[in-house]
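The chain contents come next:
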Amino acid sequence: QVQLVESGGGLVQAGGSLRLSCAASGRTFSNYDMGWFRQAPGKEREFVAVISWSGRSTYYSDSVKGRFTISGDNAKRTVYLQMNSLKPEDTAVYYCAARPYMYGLGYQGGYDSWGQGTQVTVSS
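Here we summarise the structure given alongside this text. Worth saying up front: this structure is predicted, and the values here are computed from it rather than measured.

## Details of the nonpolar core
Inside soluble globular proteins, nonpolar side chains tend to come together where they are buried. Ranked by internal contacts, the top residues of the largest apolar core, which has 28 residues, are Met34, Trp36, Leu81, Met83 and Tyr94. At the level of elements, β1 (2–7), β3 (18–26), β4 (32–39), β5 (46–51), β7 (68–73), β8 (78–83), β9 (92–100) and β11 (118–123) are the ones that each hand at least two residues to this core. Residues Phe37, Phe47, Val50 and Tyr111 belong to the second largest nonpolar core, which totals six residues.

## With respect to the pattern of salt bridges
Across all of its chains, the model carries five salt bridges by this definition. In this structure, Arg38 engages Asp90 in a salt bridge whose closest nitrogen and oxygen atoms are separated by 2.9 Å. In this pair, Arg38 is assigned in strand β4 and Asp90 in the loop between β8 and β9, connecting sequence segments 52 residues apart. Note on accessibility: Arg38 and Asp90 belong to one class, buried. The partner of Lys65 in a salt bridge is Asp62, and the shortest N-O contact between them spans 3.2 Å. Overlapping salt bridges, with partners in common, bring together Arg38, Glu46, Arg67 and Asp90 in one network.

## A short note on the sheet that holds β1
Pairing is antiparallel in the open sheet, where four strands are placed in the order β1-β3-β8-β7. Looking at the sheet topology across the chains shown, the edges are occupied by β1 and β7. Direction aside, the axes of adjacent strands within the sheet are offset by 20 degrees on average. The pairing of β1 with β3 spans six bridges and is antiparallel. By the bridge assignment, Leu4 is partnered in β3 with Ala24.

The rules behind these values
- Residues numbered from 1 in each chain as written.
- Predicted model: local features only at pLDDT ≥ 70, side-chain atom pairs only at ≥ 80, totals over all residues.
- Heavy atoms only, no water.
- Core = buried A, V, L, I, M, F, W, Y, C linked by side-chain atoms within 4.5 Å.
- Buried < 20%, exposed > 50% of the residue type's maximum accessible area, 1.4 Å probe, protein only.
- Helix = DSSP H or I, 4+ residues; strand = E, 2+ residues; numbered from the N terminus.
- Salt bridge = Lys/Arg side-chain N within 4 Å of Asp/Glu carboxyl O.
- Pairing = 2+ DSSP bridges.
- Axes fitted to C-alpha atoms, helices over the stretch in contact; angles between N-to-C directions.

Here's what the structure looks like:
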């Protein structure tokens with residue numbers, strides 16, 4: 001497994017931006033797809049975005065497409081989620097996750113390592 005630690009959450013007004021970071025350690029980071037998920041109070045965890053192990057491919061949920069950007073830096077073993085034009089409905093705990101490189105990006109399962117989460121709150 002990969003150990004993951006998220007940071008960068010906080011309180012922001014609607015329309016604002018935040019950048020989340022996910023630092024990885026442990027097994028070979030470059031052989032893993034990295035994803036972001038979120039869970040709002042009283043709701044199920046939902047997929048947000050994923051980046052392939054190579055960094056060349058990304059996939060987003062419809063709810064964040066065009067507003068969020070996922071990127072990675074293998075040298076720093078860090079994945080980022082740049083969140084722009086934030087809305088109150090983006091309020092949630094955001095989790096970073098990793099899975100072995102064996103799935104199509106559109107598949108939302110297979111993640112075997114999870115971070116502890118970081119809170120993002122968007123005020124109206």
